[in-house]
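Listed here are the chains, written in short residue letters.
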Amino acid sequence: MKKARFLSFLCVPVLLCGCSAGKMFGKTTPNFERSYTVKAEISCGELDVTADVTRNGKGDYIFAFTEPDHLMGMSIALSDSGTQASLGSLSVEVDCTDAYKLVPDIIADSIDSLSAVSADKITEVEGVLTLNTEADGKKVVVTCDETGELLTLKCPSHKLSVKFSGQQELAAPPAEETFEIIVTESDGT
């Protein structure tokens with residue numbers, strides 16, 4: 001009987017400490033709805049590329065490839081109206097099955113789904129937040145700092161790994177100017 005009490009006494013601190021997987025994030029969830037640019041080092045199977053990613057809003061992204069040299073200058077734009085690849089003035093619609101569309105889609109869908117992850121589903125270890133989400137029906141793990149600045153994205157099912165750096169907020173677009181037209185009556189003279 002004394003052994004059982006002693007063992008239960010030892011187990012309580014271990015259970016209270018938790019494990020190294022991290023503690024639950026008890027603060028407000030970061031704002032993932034912002035517009036920004038971020039450098040992305042993307043690895044997907046045999047594909048290794050670097051792109052400057054611009055997020056203008058949900059579902060509105062531009063991936064401007066900077067490496068390797070043979071892709072430099074090419075960009076892929078995702079929007080509600082579809083996916084378009086361009087190089088200079090040449091622009092084409094991208095087929096849904098193309099790998100160059102799949103990777104940006106997974107990244108964009110994963111980032112867009114982050115705001116739906118509740119704070120109790122976010123873990124934190126030394127200031128790094130880990131969020132589990134899905135894209136294309138596959139598990140995706142995204143890490144960011146406490147402000148929501150992206151660090152990594154991994155989708156093991158697609159052998160996709162992304163390292164983010166240099167995230168910069170985009171300035172709010174200037175307010176539209178409005179003009180007032182004043183019409184006056186003249187007395188005819």
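Look above for the structure.
Only a predicted model underlies this, so the values are computations on that prediction, with no experimental measurement involved.

*Asks:* Break down the overall build of the protein for me, with residues and values.
*Replies:* Counting its regular elements, the protein contains two helices and twelve strands. Written out in order from the N terminus, the α and β elements of the protein read α-β-β-β-β-β-β-β-α-β-β-β-β-β. Here the protein holds 189 residues, and 31% of them are scored as buried. With an accessible surface of roughly 12500 Å², the protein has 57% of that area assigned to carbon and sulfur atoms.

*Asks:* Before we move on, can you summarise the side chain of arginine 34 with the specific residues and values?
*Replies:* Positionally, arginine 34 belongs in the loop between β1 (23-24) and β2 (36-44). Arginine 34 gets classed as buried once you look at its relative accessible area, which sits at 18%. Beyond its immediate sequence surroundings of up to four residues, arginine 34 is in contact with Arg55, Thr147, Gly148, Glu149, Gln167 and Glu169.

*Asks:* So what's going on with the nonpolar core? Which residues, and what values?
*Replies:* Ranked by internal contacts, the top residues of the largest apolar core, which has 38 residues, are Ile107, Leu160 and Phe164. Dropping the residues within four chain positions of it, leucine 160 is found in contact with Ile42, Ser43, Cys44, Val103, Ile106, Ile107, Leu153, Lys154 and Cys155.

*Asks:* Lay out the pairing of strand β7 (residues 90-93) in plain terms, naming residues and giving numbers.
*Replies:* For strand β6 (residues 82-87) and β7, the ladder comprises four bridges, and the chain directions are antiparallel. Bridge pairing links leucine 87 to leucine 90 in β7.

*Asks:* Describe the pattern of salt bridges, and please don't skip the residues or the numbers.
*Replies:* Applying the stated criterion across every chain, the model contains four salt bridges. Between arginine 55 and glutamate 33 there is a salt bridge, and its shortest N-O distance comes to 3.8 Å. Taken as a pair, arginine 55 in strand β3 (residues 47-57) and glutamate 33 in the loop between β1 and β2 lie far apart in primary sequence, 22 residues in all. Since its relative accessible area comes to 0%, arginine 55 is described here as buried. Across the pair lysine 101 and aspartate 105 runs a salt bridge, and its minimum N-O distance is 2.4 Å. One end of the pair is lysine 101 and the other is aspartate 105, both in helix α2 (residues 99-113) and four residues apart, which spans about a single turn. Taking the relative accessible area as the measure of exposure, lysine 101 reaches 11% and is therefore buried. A cluster of three or more residues bridged by salt bridges with shared partners is formed by Glu33, Arg55 and Asp112.

*Asks:* Lay out unusual backbone geometry in plain terms, naming residues and giving numbers.
*Replies:* The amide bond that connects glutamate 67 to the next residue, proline 68, takes the cis arrangement and shows omega of -5 degrees. Relative to the helices and strands, proline 68 resides in the loop between β4 (60-67) and β5 (74-79). Of note in the backbone geometry, aspartate 136 takes a positive phi value of approximately 55 degrees without being a glycine. Mapped onto the elements of the fold, aspartate 136 is located in the loop between β9 (128-135) and β10 (138-145).

*Asks:* Got a sec to walk through the pairing of strand β12 (residues 160-169)? Specific residues and values, please.
*Replies:* Two elements, β2 and β12, share eight bridges in a ladder whose sense is antiparallel. Note on β12: the bridge partner recorded for alanine 40 is phenylalanine 164. Pairing analysis gives four bridges linking strand β11 (residues 150-155) to β12, with the strands arranged antiparallel. The residue bridging leucine 153 from the neighbouring strand is valine 162, located in β12. Hairpin geometry of β11 and β12 is characterised by an intervening segment of four residues between the two adjacent antiparallel strands and by a positive phi of about 55 degrees at lysine 159.

*Asks:* Lay out the environment of glutamate 46 in plain terms, naming residues and giving numbers.
*Replies:* For glutamate 46, the location among the structural elements is in the loop between β2 and β3. Overall, the relative accessible area of 83% leaves glutamate 46 in the exposed class. Distance in space between the C-alpha atoms of glutamate 46 and lysine 159 is 9.3 Å, their sequence separation being 113 residues.

Thresholds applied
- Residues numbered from 1 in each chain as written.
- Predicted model: local features only at pLDDT ≥ 70, side-chain atom pairs only at ≥ 80, totals over all residues.
- Heavy atoms only, no water.
- Helix = DSSP H or I, 4+ residues; strand = E, 2+ residues; numbered from the N terminus.
- Buried < 20%, exposed > 50% of the residue type's maximum accessible area, 1.4 Å probe, protein only.
- Areas by Shrake-Rupley, 256 points an atom, 1.4 Å probe, with all protein chains shown as cover.
- Contact = heavy atoms within 4.5 Å.
- Core = buried A, V, L, I, M, F, W, Y, C linked by side-chain atoms within 4.5 Å.
- Pairing = 2+ DSSP bridges.
- Salt bridge = Lys/Arg side-chain N within 4 Å of Asp/Glu carboxyl O.

Don't take any of this as a statement about function, it's just geometry.
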